[in-house]
Amino acid sequence: MKPFTISKWVVWEAWQRVKANQGAAGVDDESIAQFEEGLKDNLYKLWNRMSSGSYFPPPVRVVKIPKADGRERTLGIPTVADRVAQMVAKHYLEPLVEGCFHPDSYGYRPGKSAIDAVGKARKRCWRYDWVLDLDIKGFFDNIDHTLMMHAVRKHTDCRWMLLYIERWLKASALQADGTLTARDKGTPQGGVISPLLANIFLHHVLDAWLVKNYPSIPFERYADDVVIHCKSESQAKLIKWKIDERLKSCKLEAHPAKTKIVYCKDDLRQGSYTHESFDFLGFTFRPRCSKNRNGKFFVNFSPAIAGKAVKSIIATIRGWRIHLKSYYSLDDISHVFNAVIRGWINYYGSYYKSGLYPLLRHLNRRLVRWAQRKYKRYRHQRGATHWLRRIARRQPRLFAHWQLGVLP
């Protein structure tokens, strides 16, 4: 008899989900495909070790990802087998905690999305004059392990789950230079179970605390990205001060430069303030010119794609180097890139769609350059533009942005 009861079927389902998510190899350099070559033995070995309590997670591989502000985001990539093990634990733990989470916690939860959080923030910015834009400094890197385990124990007393979660938290990290470093705090971004643990931690540190002490103050939280709505500047300052104290008591810190109080200025809200805009989940909220049902223009505090997101997408389009793929047909280009374009439109076009038009026009210019290189008779920009425009009018479904009327 094994000391811990873990279903083999759950291990199999966990593998299916890890395989679907793909991802890079960990410290053992074993890819998804390589793991699958010995799948039966690999899964049995993992189940046997987890069920007997002898499973010890290997170190995570540290990868540095550049951020828009010039800094780096640190990711910890587990091995494929460890991702399966974490998915097993998540399968058992998530149903225990999901019902306890606040309805305005949106990050990494089934049935909730980032665009839901943006939409809720948009409506509340119309009703509340002030916003506290909260940024927690190095959240994933600074979670206290003792406090984390205390929060998890509020939801489960399952011995194997607590055992392995603690081992995952303490698993060492393999740096790019080959050095192995111990971890006494934080949970690595990149781990399967890390987002769930982060939600559990912030539920107790922030969500439940706000509901208990300030039940009339609404908020939206996506992982460690938090927007809190206030009726007055004085209320926003009070909440900011109280949250600073709360975070410090939980060994966290509000980012001094990124945390700010924002005035949601529009036609009805007079005066000015130091901060009249904020970014949330790839959108910038600020006063914008809008048109009502009667065709009259007014100033509205609303979201549109953030400048950082525009720059990032344009950099991605440039990286495609479409103009050098003269061996592609136009249908080939559509087949390779159209799904990504549609994803951008579906997300960032949810609010203030015209904010997308500059980058979509940039994409058209890339297609024009491709046509100039591919066809000698269209080597001049004007001729290539007219040719593409005729195709766009005949086949608007070829590219997602042509359906919006953004033609070459």
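Heads up: these notes are all about the structure in this document. In this text the structure is predicted, and so the values were computed from the model without any measurement.

**Considering the overall build of the chain**
Each helix and strand in the chain was counted, giving 14 helices and 11 strands. Evaluated residue by residue, the chain yields a buried proportion of 48% over its 408 residues. Of all intrachain contacts in the chain linking residues separated by at least 6 positions in sequence, the fraction that spans at least 24 positions is 67%. Element-wise, carbon and sulfur atoms account for 50% of the exposed surface of the chain, whose accessible area totals about 20,700 Å². In the chain, 69 side chains carry a positive charge and 37 a negative one; their mean positions are 9 Å apart.

**Some remarks on the sheet that holds strand S8 (residues 260-263)**
Overall, antiparallel pairing links the 4 strands, which are arranged S6-S7-S3-S8 in an open sheet. The strands lining the two open edges of the sheet, one partner per strand, are strand S6 (219-222) and S8. Across the sheet, the mean angle separating the axes of adjacent strands is 20° when strand polarity is ignored. Here S6 runs beside strand S7 (residues 225-230); their pairing, made up of 4 bridges, is antiparallel. When the bridges of S7 are listed, Arg221 appears paired with Val226. Helix H10 (residues 233-249) rests against strand S3 (130-135), S7 and S8 of the sheet, and its axis sits at about 20° to S3.

**A closer look at the layout of surface pockets**
Its volume calculated, the largest pocket comes out at about 1,700 Å³. Lining the largest pocket are 42 residues, and of these Lys67, Arg73, Asp135, Asp225 and Lys258 lie nearest its centre. Those elements that provide at least two residues to the lining of the largest pocket are strand S1 (60-66), strand S2 (72-77), S3, helix H6 (139-142), strand S9 (278-280), helix H11 (307-320) and helix H12 (330-348). If one sorts the elements of the lining of the largest pocket by residue count, S2 sits on top with 4 residues. Among the residues forming the lining of the largest pocket, the class breakdown is 19 nonpolar, 8 polar and 15 charged.

**Observations concerning the pairing of strand S10 (residues 283-291)**
Sheet topology places S9 next to S10; 3 bridges connect them, and they run antiparallel. Bridge pairing links Phe278 to Phe285 in S10. Between S9 and S10, which pair antiparallel and follow one another directly, the connecting turn spans 2 residues, one of which, Leu281, has a positive phi of 55°. Where S10 and strand S11 (residues 297-305) come together, 9 bridges link them in antiparallel fashion. Across the sheet, the residue bridging to Pro287 is Phe301, located in S11. Following S10, the chain reverses through 5 residues before pairing antiparallel with S11; Gly295 in that reversal takes a positive phi of roughly 85°.

**Digging into empty space enclosed by the protein**
Within this structure, the stated rule accounts for 1 cavity of 30 Å³ or more. As a volume, the largest cavity reaches approximately 70 Å³. Around the largest cavity, the lining residues are Val60, Pro78, Asp82, Gln86, Trp168, Leu169, Thr187, Pro188, Gly191, Ile193, Ser194 and Leu197. Secondary structure elements with two or more residues in the lining of the largest cavity: helix H4 (80-98), helix H8 (159-170) and helix H9 (194-213).

**Here we look at the state of the cysteines**
Throughout the structure, instances matching the rule amount to 0 disulfides. Left without a disulfide partner, Cys230 is nearest to the cysteine sulfur of Cys264, which lies 9.6 Å away. Cys100 provides the cysteine sulfur closest to Cys250, a residue in no disulfide bond, and the two sulfurs are 18 Å apart. Residue Cys250 is classed as buried on the basis of its relative accessible area of 9%.

**What to know about helix H5 (residues 114-127)**
Across its 14 residues, H5 extends 21 Å between first and last C-alpha, which sits within 8% of the 20 Å expected from 1.5 Å per residue. Taken residue by residue, H5 has Ala114, Ala117, Val118, Gly119, Ala121, Arg124 and Cys125 as its buried positions.

**Observations concerning the sheet that holds strand S4 (residues 173-174)**
One open sheet accounts for 4 strands, arranged S2-S1-S4-S5; its pairing is mixed. The strands lining the two open edges of the sheet, one partner per strand, are S2 and strand S5 (180-181). Pairing between S4 and S5: 2 bridges, direction antiparallel. Within the sheet, the bridge partner assigned to Leu174 lies in S5 and is Leu180.

**Some words on the pattern of salt bridges**
When the charged atoms of two side chains lie near each other, side chains of opposite charge can form a pair. Applying the stated criterion across every chain yields a total of 11 salt bridges. Salt-bridge contacts for Arg269 lead to Asp266; the nearest nitrogen and oxygen are separated by 3.6 Å. Accessibility assignment for this pair places Arg269 and Asp266 in one class, buried.

**Focus on the packing of helix H3 (residues 39-52) against H4**
H4 packs onto H3 with a crossing angle of 50° between their chain directions and a minimal axis gap of 11 Å. Judged by the inter-axis angle, H3 sits oblique to H4. For the pair H3 and H4, the sense of crossing is right-handed. Across the interface between the two elements, Leu43, Leu46 and Met50 from H3 touch Ala81, Val84, Ala85 and Val88 from H4.

Calculation criteria
Residues numbered from 1 in each chain as written. Predicted model: local features only at pLDDT ≥ 70, side-chain atom pairs only at ≥ 80, totals over all residues. Heavy atoms only, no water. Helix = DSSP H or I, 4+ residues; strand = E, 2+ residues; numbered from the N terminus. Buried < 20%, exposed > 50% of the residue type's maximum accessible area, 1.4 Å probe, protein only. Contact = heavy atoms within 4.5 Å. Areas by Shrake-Rupley, 256 points an atom, 1.4 Å probe, with all protein chains shown as cover. Lys, Arg positive; Asp, Glu negative; His and termini not counted. Charge placed at Lys NZ, Arg CZ, Asp CG, Glu CD. Pairing = 2+ DSSP bridges. Axes fitted to C-alpha atoms, helices over the stretch in contact; angles between N-to-C directions. 1 Å grid on protein atoms, 1.4 Å probe; cavity = no way out; pocket = protein on both sides within 12 Å on 5 of 7 lines; lining within 4 Å. Points joined across faces, edges and corners; volume = space filled by probe spheres on them. Nonpolar A, V, L, I, M, F, W, Y, C, P; charged D, E, K, R; others polar. Disulfide = S-S within 2.5 Å. Expected span 1.5 Å × (residues − 1). Salt bridge = Lys/Arg side-chain N within 4 Å of Asp/Glu carboxyl O. Parallel < 35°, antiparallel > 145°, perpendicular 65-115°, else oblique. Left-handed = near helix turned anticlockwise from the far one by under 90°.

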